[in-house]
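Observations on chain architecture
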Amino acid sequence: MKTLLKRYILLSMAVKAVVLAYFLHQMGWGTIDDAFHWELAHRSEGFGALLRHLVALDLDAGMFRPVYNLYMMFGYGAFEAHPRLFYGLCWTVVLVPAYFLARQWLSLAQRPSSVAPLALVAALFAYAPWTKLFLNLSLQEKLGMAWLPLVVHLLLQGPLWAALAVSALMLLSKATMISYGPPLLALVFLFRPRRWKLVFGAEGALFAAAAIFFSAIRHGYTAH
């Protein structure tokens, strides 16, 4: 089972890499969001003032994503003349962590091994950035997925406070990262790390609090 799953994951990632390579040479600045973010990233008011401005814009739109704002300020500023490199970075941010996440989960010898592969496939391939072959270029989802392997690693082997901190960074990249709550809780239940009940309760409370917070601030086009 594990050998077949490893081959499936590697084949899937190879196919996606080929698709990305085909589209990458066509990528460039040009969308409305690109122009808006590029302009903001080059404002001369200073880093702190720009971040406060972006957070204020988000709150006006019913969002709160400071981690994404930091990523955007870096990307559109550092890759001003090289948009293809920025798109490549966005895709790498997902492909590389996903590969190591798959390796980590497949190497776990904890019980129940018969159920673990099902959880792995569901978590890795059910979410939009995978199923859409990355044609959806949303930077927020890719940034959120970059945190996922570290969250899982810390939940299984690291201190709880660190896992909660990284989970918070993931949630603050975009509200849709709440969708990773159920898979994470399922993995905690499946692999039963040390003090798993405390881990399960703490992560569950964090994702529930995030869901309440994001629901409370949404309005306008984010209300749905």
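Everything numeric here is computed off the predicted structure, so don't read it as measured data. (Residues numbered from 1 in each chain as written. Predicted model: local features only at pLDDT ≥ 70, side-chain atom pairs only at ≥ 80, totals over all residues. Heavy atoms only, no water.)

**Section: helix 3 (residues 47-60)**
Let me state the cut-off plainly: Helix numbering and strand numbering both begin at the N terminus, where a helix is a DSSP run of H or I of at least 4 residues and a strand a DSSP run of E of at least 2. Expected helix span is given by 1.5 Å per residue-to-residue step, counting one fewer step than there are residues. The contact criterion used throughout is that any non-hydrogen atoms of two residues lie within 4.5 Å.
Over its 14 residues, helix 3 runs 20 Å from end to end, which matches the ideal 20 Å to within 8%, given 1.5 Å per residue. Packed against the buried residues of helix 3 are helix 2 (32-41) and helix 4 (66-78). One or two positions beyond helix 3, positive phi appears at G62, with a value near 80°.

**Some points on the packing of aromatic side chains**
What describes a pair of aromatic rings is the distance from one ring centre to the other and the angle between the planes of the rings. Heads up, the condition is: Between rings of Phe, Tyr and Trp, where Trp is taken as its six-membered ring, a pair exists when centres lie within 6.5 Å; planes separated by under 30 degrees are stacked, by over 60 edge-to-face, and by other angles tilted. Any Lys NZ or Arg CZ that is within 6 Å of a ring centre and within 35 degrees of that ring's normal is treated as a charge sitting over the ring.
For the structure on display, the rule yields 11 aromatic pairs. Between F74 and F79, the aromatic rings sit 6.0 Å apart at their centres with planes inclined by 85°, giving edge-to-face as the arrangement. Aromatic rings pair up to connect W29, Y71, F74, Y76, F79, F86 and Y87 into one cluster. Positioned over the ring face of F189 is R192, at 4.3 Å from the centre of the ring. Directly above the aromatic system of W196 lies the positively charged group of R192, at a separation of 4.6 Å from the ring centroid.

**A closer look at the nonpolar core**
The criterion, for reference: Take the buried Ala, Val, Leu, Ile, Met, Phe, Trp, Tyr and Cys residues and link them wherever side-chain atoms come within 4.5 Å; each set so joined is a nonpolar core. With a 1.4 Å probe rolled over the protein chains alone, any residue whose accessible area is under 20% of its type maximum counts as buried; one over 50% counts as exposed, and the rest are partly exposed.
The biggest cluster of nonpolar side chains holds 25 residues, and the ones touching the most others in it are L148, V152, L155, M170, Y180 and L184. Of all the secondary-structure elements, those providing two or more residues to this core are helix 8 (139-157), helix 9 (160-171), helix 10 (181-191) and helix 11 (196-217). For this core, the element with the most residues is helix 8, which contributes 7 residues. Discounting chain neighbours no more than four positions away, the residues touching L155 are A163, L184, V188, P193, V199 and E203. The next biggest cluster of nonpolar side chains, apart from the first, holds 15 residues, and it includes L54, Y71, M72 and Y76.

**Re the confidence of the model for the protein**
Any segment with low pLDDT has predicted coordinates that should not be analysed in fine detail. The test is simple: Known as pLDDT, the predictor's confidence for each residue is given on a scale from 0 to 100.
This prediction gives the protein a mean pLDDT of 78; 76% of its residues lie at or above 70. Low pLDDT (under 50) marks residues 126-131, which in the prediction has 19 contacts with non-local residues, meaning those over four places away or in another chain.

**A look at the environment of Y180**
Mapping Y180 onto the fold places it in the loop between helix 9 and helix 10. For Y180, a relative accessible area of 4% gives the class buried. Here the alpha-carbon distance between Y180 and L148, two residues 32 residues apart in the chain, equals 8.5 Å.

**Some points on the environment of D60**
Along the chain, D60 falls in helix 3. Taking the C-alpha atoms as reference, D60 lies 9.0 Å from G220; in sequence the two are 160 residues apart.

**Points about helix 9**
Compared with the 16 Å implied by 1.5 Å per residue over 12 residues, the 16 Å span of helix 9 between its first and last C-alpha is a close match. Among the residues making up helix 9, those that are buried are L160, A162, A163, V166, S167, M170 and L171.

**Structural notes on the packing of helix 3 against helix 4**
In helix packing, the relevant descriptors are the interaxial angle and the interaxial distance, both defined with respect to the helix axes. What counts is decided by this rule: All axes here are fitted lines through C-alpha atoms, helices being fitted over the stretch that makes contact, and every angle between N-to-C directions spans 0 to 180 degrees. In these notes the angle categories are as follows: under 35 degrees is roughly parallel, over 145 is roughly antiparallel, 65 to 115 is roughly perpendicular, and the rest is oblique. Left-handed describes a crossing whose near helix is turned anticlockwise from the far helix through less than a right angle; right-handed describes the clockwise counterpart. Each residue is assigned to one of three groups, with Ala, Val, Leu, Ile, Met, Phe, Trp, Tyr, Cys and Pro labelled nonpolar, Asp, Glu, Lys and Arg labelled charged, and all others, Gly among them, labelled polar.
Relative to each other, helix 3 and helix 4 sit at 130°, their axes nearing to 10 Å. One element, helix 3, and the other, helix 4, form an angle in the oblique class. Read as a crossing pair, helix 3 and helix 4 show a hand that is right-handed. Taken together, the residues of helix 4 that come into contact with helix 3 (itself represented by F47, L50, L51, L54, V55 and D58) are P66, N69, L70, M72 and M73. The class makeup of the residues in the contact of helix 3 with helix 4 is 9 nonpolar, 1 polar and 1 charged.

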